[in-house]
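Reading the structure
Listed below are the residues making up each chain.
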Amino acid sequence: MIDDMLRTPSAVRDAERHTAHNYHPLPVVISSAEGAWLTDVDGRRYLDCLAGYSALNFGHRHPKLIEAAHAQLDRLTLTSRAFIHDQFADFCRELAALCGKDLVLPMNTGAEAVETGIKVARKWGYQVKGVTPGQANIVVAEGNFHGRTTTIVSFSTDSDARADFGPYTPGFTVVPYGDLDALTAAVDENTVAVLLEPIQGEQGVVVPPEGYLPGVRQLCTDRNVLFIADEIQSGLGRTGHTFACDHEGVVPDMYLLGKALGGGIVPVSAVAANADVLGVLKPGQHGSTFGGNPLACAVATEVVRLLATGEFQRRSAELGERLRTGLEALLGKGLVAVRVRGLWAGVDIDPALMSGREACERLMERGVLAKDTHGSTIRLAPPLVITADEIDHAVAQLAAVLAG
Ligand SMILES: Cc1ncc(COP(=O)(O)O)c(C=O)c1O
């Protein structure tokens, strides 16, 4: 098709005209998708290697999830939590079982799950641990990404995320990620929680040193501090296990979940913890109009059932090794570092060659969609339904981009 017959350029301009420019999307306009593939307004197809930042772990429009959504749309969509609906009990029971916890608290976005975790930890600190009123402290890591609310950006170390959004919420101490000594030194009698991503996704799929997460677990147990694992991006099959913490056999006190929990259809997030922790919340102390709505529960229950089969975790572990082999072969051929856990890879391109953004634009021209994160790092996180051949295809396109 000749360029001036394409719909994409005007569709990109239209999309930018009446929106705040808080994103810098690739100039591609998607109109449909299935499985691991996207189609744009000009009929061009792309292999999705971002999967909605892991919100599409089960691929686009997974038949079981779409069926659950359609069936629920025809019956009941919203009640608010003022009334109980018939999808709620199964969702809570099955998600709690998947997490090995007593209770769950459903919300909508990831940031809300993080805010919920912070509130629960503070209340637990005052009511159970006996922290001096107003003094509760939470230790977090440098390079964290937990969302965009004013409280969450208060403890971000990324100036784009934080600058000019103050005054900032107090009560957080930031320590280097992966440094157990620094963490140990930061914990004191007012510490109610350690809040960490078991792998830092936005930072470029940064995996902490082996032994770090078990060390955090032990420290939290010894010092009567809650370990909150933000598994919003790393969890639900992405890394080859249900949770990234599973790689080292670590069980946190609280899981924060989101993204893939909504099956790429509706925003669903949740906090999972035992009754001695989540039980501190009483009626009126926390909530959300849409949290745990019937449509969300119907879809998310089906997500939990897909995960309960173990099939997606297995695919991610097996195909992740193929992705690792393919990417490691490009070290010294345009890549300077590769970090892989399951079907999740952080890939550092030689900055002398090109930026991450340029690499993603060139990948787009070759029919592969990925997204840069910091500088020359790109993240590959395809839907877990991707095939071995499609992984080889994505790696071959990256190799071609790096070869210029
Ligand atoms: C680890 C982590 N926590 C929290 C969030 C925030 O989720 P949401 O964008 O749904 O608010 C994200 C989003 O990227 C994330 O990666």
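Cut-offs used in this document
Residues numbered from 1 in each chain as written. Predicted model: local features only at pLDDT ≥ 70, side-chain atom pairs only at ≥ 80, totals over all residues. Heavy atoms only, no water. UniProt positions renumbered as here; feature names shortened; annotations may be inferred. Helix = DSSP H or I, 4+ residues; strand = E, 2+ residues; numbered from the N terminus. Rg over C-alpha atoms; globule rule 2.2 N^0.38 Å. Buried < 20%, exposed > 50% of the residue type's maximum accessible area, 1.4 Å probe, protein only. Contact = heavy atoms within 4.5 Å. Areas by Shrake-Rupley, 256 points an atom, 1.4 Å probe, with all protein chains shown as cover. Axes fitted to C-alpha atoms, helices over the stretch in contact; angles between N-to-C directions. Parallel < 35°, antiparallel > 145°, perpendicular 65-115°, else oblique. Left-handed = near helix turned anticlockwise from the far one by under 90°. Nonpolar A, V, L, I, M, F, W, Y, C, P; charged D, E, K, R; others polar. Pairing = 2+ DSSP bridges. Arc of directions from axis to C-beta. Core = buried A, V, L, I, M, F, W, Y, C linked by side-chain atoms within 4.5 Å. Phe/Tyr/Trp six-rings, centres within 6.5 Å; stacked < 30°, edge-to-face > 60°. Lys NZ or Arg CZ within 6 Å of the ring centre and 35° of its normal. Near = heavy atom within 4 Å. Polar contact = N/O pair within 3.5 Å; in protein donor to acceptor, adjacent residues only side chain to side chain. Salt bridge = Lys/Arg side-chain N within 4 Å of Asp/Glu carboxyl O.

The protein has the name ornithine aminotransferase in an unreviewed UniProt entry, where Micromonospora maritima is given as its organism. Recorded under Cofactor (unreviewed entry), the UniProt text for the protein is reproduced unchanged: "pyridoxal 5'-phosphate". As its UniProt record puts it under Sequence similarities (unreviewed entry), the protein is described as follows: "Belongs to the class-III pyridoxal-phosphate-dependent aminotransferase family."

1. Overview of the overall build of the protein
Within the protein, the secondary structure is distributed over 14 helices and 15 strands. In summary, the protein has a C-alpha radius of gyration of 21 Å against a globular reference of 22 Å for 404 residues, a match within 12%. The proportion of buried residues among the 404 residues of the protein is 55%. Considering only contacts in the protein between residues 6 or more positions apart, those separated by 24 or more positions represent 72%. Accessible surface, the protein as shown: approximately 17,500 Å² in total, 52% of it carbon and sulfur.

2. Some points on the packing of helix 13 (residues 356-365) against helix 14 (residues 388-402)
Closest axis-to-axis distance for the helix 13/helix 14 pair is 10 Å, and the angle between their directions is 120°. Taken as axis vectors, helix 13 and helix 14 run oblique relative to one another. The interaxial crossing formed by helix 13 with helix 14 has right-handed handedness. Between helix 13 and helix 14, the residues in contact are Ala 359, Arg 362 and Leu 363 and Gln 397, Leu 398 and Val 401, respectively. When the residues that make up the contact of helix 13 with helix 14 are grouped by side-chain class, the tally is four nonpolar, one polar and one charged.

3. Things to note about the sheet that holds strand 2 (residues 37-40)
Reading across from one edge, 1-2-3-13 is the order of the four strands in this open sheet, with mixed pairing throughout. The strands lining the two open edges of the sheet, one partner per strand, are strand 1 (30-34) and strand 13 (368-369). Where strand 3 (residues 45-48) lies against strand 13, two bridges are found, and the strand directions are parallel. Along strand 13, the bridge assignment pairs Asp 48 with Leu 369.

4. Here we look at helix 13
Turning to helix 13, its buried residues are Gly 356, Arg 357, Ala 359, Cys 360, Leu 363 and Met 364. On an axial view of helix 13, the arc spanned by its buried residues comes to 160°, and they lie on one face. Contacts from the buried residues of helix 13 go to strand 3, strand 12 (345-349), strand 13, strand 14 (371-372), strand 15 (377-380) and helix 14. Looking one or two residues beyond helix 13, the residue adopting positive phi is Gly 367, at roughly 80°.

5. Considering the nonpolar core
Counting 68 residues, the largest nonpolar core has Leu 95, Leu 261, Leu 327 and Leu 398 as its most contacted members. Sort the elements by how many residues they give to this core and helix 11 (residues 294-308) lands first, with nine residues. In contact with Leu 261, other than residues within four places in its own chain, are Phe 91, Leu 95, Leu 236, Val 268, Ser 269, Ala 270, Ala 300, Val 303 and Val 304.

6. As for the pairing of strand 4 (residues 103-107)
Within a regular strand, side chains alternate between the sheet's two faces. Here strand 4 lies mainly inside the structure; four of its five residues are buried. As judged from the five bridges shared by strand 4 and strand 10 (residues 269-273), these two strands associate in the antiparallel manner. Along strand 10, the bridge assignment pairs Pro 106 with Ala 270.

7. Here we look at the packing of aromatic side chains
The tally for this structure, following the rule as stated, stands at four aromatic pairs. Ring geometry for Phe 155 against Phe 172: centres 4.3 Å apart, planes inclined by 35°, an arrangement best described as tilted. Within this pair, whereas Phe 155 is found in the loop between helix 6 (150-154) and helix 7 (159-162), its partner Phe 172 is found in strand 6 (residues 172-175), the two being separated by 17 residues in sequence. Looking at Phe 155, the relative accessible area reads 2%, which means it is buried. An angle of 70° between the planes, with centres 5.8 Å apart, marks the rings of Tyr 177 and Tyr 212 as edge-to-face. With Tyr 177 in the loop between strand 6 and helix 8 (180-186) and Tyr 212 in helix 9 (residues 212-223), this residue pair connects regions lying 35 residues apart in the sequence. We classify Tyr 177 as buried; its relative accessible area is 15%. In this structure Tyr 212 comes out as buried when scored by relative accessible area, which is 3%. Positioned above the aromatic ring of Tyr 168, the side-chain terminus of Arg 162 is 3.7 Å from the ring centre.

8. Side note on the site of the ligand
Lining the immediate environment of the ligand, one finds Thr 109, Gly 110, Ala 111, Phe 145, His 146, Gly 147, Glu 197, Glu 202, Asp 230, Ile 232, Gln 233 and Lys 259. Between the ligand and Ala 111 there is a distance of 2.8 Å, counted from an oxygen atom to a backbone nitrogen or oxygen. Coverage of the ligand by the protein amounts to 81% of the 390 Å² it exposes when considered alone. Partitioning the shell around the ligand into residue classes produces three nonpolar, five polar and four charged.

9. A closer look at the sheet that holds strand 10
Read from one edge of the open sheet, seven strands run 4-10-9-8-7-5-6, paired in mixed fashion. Edge strands, defined here as strands with exactly one partner in the open sheet, are strand 4 and strand 6. The average angle at which neighbouring strand axes cross in this sheet is 20°, direction not considered. Across three bridges, the pairing between strand 5 (residues 137-141) and strand 7 (residues 191-196) is parallel.

10. A few points about the pattern of salt bridges
By the definition in use, this model includes 19 salt bridges. With a shortest N-O distance of 3.3 Å, Lys 371 and Asp 372 are connected by a salt bridge. Like Asp 372, Lys 371 is buried. In the salt-bridge network here, residues are joined through shared partners; they are Asp 90, Arg 93, Glu 94, Glu 302 and Arg 305.

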